[in-house]
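Read off the chains here:
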Amino acid sequence: MSNHASDIFLGQSAMARRCRAFAWERTPLGAPETWPLSLRALVRLILSAHHPMMVTWGPEYTQIFNDAFLPIVGGGARLEQALGADARHFWGPTWAAAMPNIEAVLHGGAPVVTEDAPIPLERNGAIEQTYMTYSVSPALDDAGLATGLLIIAQETTERVRAAEAAAVRERELHIIGEMARLGGWVVDLREGTAHWSDEVCALHEVPSGTKLRPE
């Protein structure tokens, strides 16, 4: 594998172009030509991936990420500060909330996988409550030692909030039905059965949970 920068940051994605133009020698990683083979391979992997991925490397947690991670990073001045930054400092409260087991991962612990975790995320200059499904795995150097982290994340805020709103509506309808002593039923067209609510069962003086099937 070539260690020339143009061969490490392959492709024409936004982040590949940024990485090629970036002054890496000003970061703890140094010039890309000096990077270990394992880091170069990992960077090539994430830049070619379509899933949001980020790598941190070394004791300074220097970060590199791909295009799919950009909506999580944000734009404008925040994006300009992100590449090559210390992930712990850049993400602040996001890092503290999302990565409670990082030290364990780096010291031989099992990878962390978390679904729909509440994560504070800076957007448009303010902290917004979001939800993320993410994994954190150790990134190994050429000697097989855990030197960095591979983070794969997907924002699930829209889905989680939709589910929460649906649950609230369901609870409200249930309360209204109980207060008004109204009832209803659900028809299963595949089974050809009708399930009555407790209120309808009581109205017709049949046991709760009665399932009706047409003759």
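Heads up: these notes are all about the structure in this document. Just so it is clear, the model here is predicted, and its values are computed rather than measured.

Here the focus is the overall build of the chain. Helix and strand counts for the chain stand at 10 helices and eight strands. Counting all 215 residues of the chain, 37% fall into the buried class. Sequence separation of at least 24 residues holds for 45% of the intrachain contacts in the chain that already meet a minimum separation of 6. Accessible surface, the chain as shown: approximately 12,400 Å² in total, 57% of it carbon and sulfur.

What follows deals with the environment of threonine 157. One can find threonine 157 in helix 9 (residues 157–180). Judged by its relative accessible area of 5%, threonine 157 falls in the buried class. Those residues in contact with threonine 157 that sit more than four places away from it in its chain are Gln129, Thr130 and Tyr131.

Before going further, it helps to examine the environment of glutamine 12. If you trace the backbone, glutamine 12 turns up in the loop between helix 1 (5–8) and helix 2 (14–21). When residues no more than four places from it in sequence are discounted, the contact partners of glutamine 12 are Arg17 and Arg20.

Applying the stated rule across the entire model yields six salt bridges. Note that arginine 18 is salt-bridged to glutamate 80, the shortest N-O span being 3.1 Å. One end of the pair, arginine 18, is in helix 2; the other, glutamate 80, is in helix 5 (residues 76–82), with 62 residues separating them in the sequence. On the basis of relative accessibility, which here comes to 53%, the residue glutamate 80 falls in the exposed class. Between arginine 123 and glutamate 155 there is a salt bridge, with the nearest N and O atoms lying 2.4 Å from each other. Placement of arginine 123 in strand 3 (residues 112–123) and of glutamate 155 in strand 5 (residues 146–155) is noted, with a sequence separation of 32 residues between them. What makes glutamate 155 partly exposed here is its relative accessible area of 25%. Through salt bridges with shared partners, a single ionic network connects Arg123, Glu128 and Glu155.

What counts, and at which threshold
Residues numbered from 1 in each chain as written. Predicted model: local features only at pLDDT ≥ 70, side-chain atom pairs only at ≥ 80, totals over all residues. Heavy atoms only, no water. Helix = DSSP H or I, 4+ residues; strand = E, 2+ residues; numbered from the N terminus. Buried < 20%, exposed > 50% of the residue type's maximum accessible area, 1.4 Å probe, protein only. Contact = heavy atoms within 4.5 Å. Areas by Shrake-Rupley, 256 points an atom, 1.4 Å probe, with all protein chains shown as cover. Salt bridge = Lys/Arg side-chain N within 4 Å of Asp/Glu carboxyl O.

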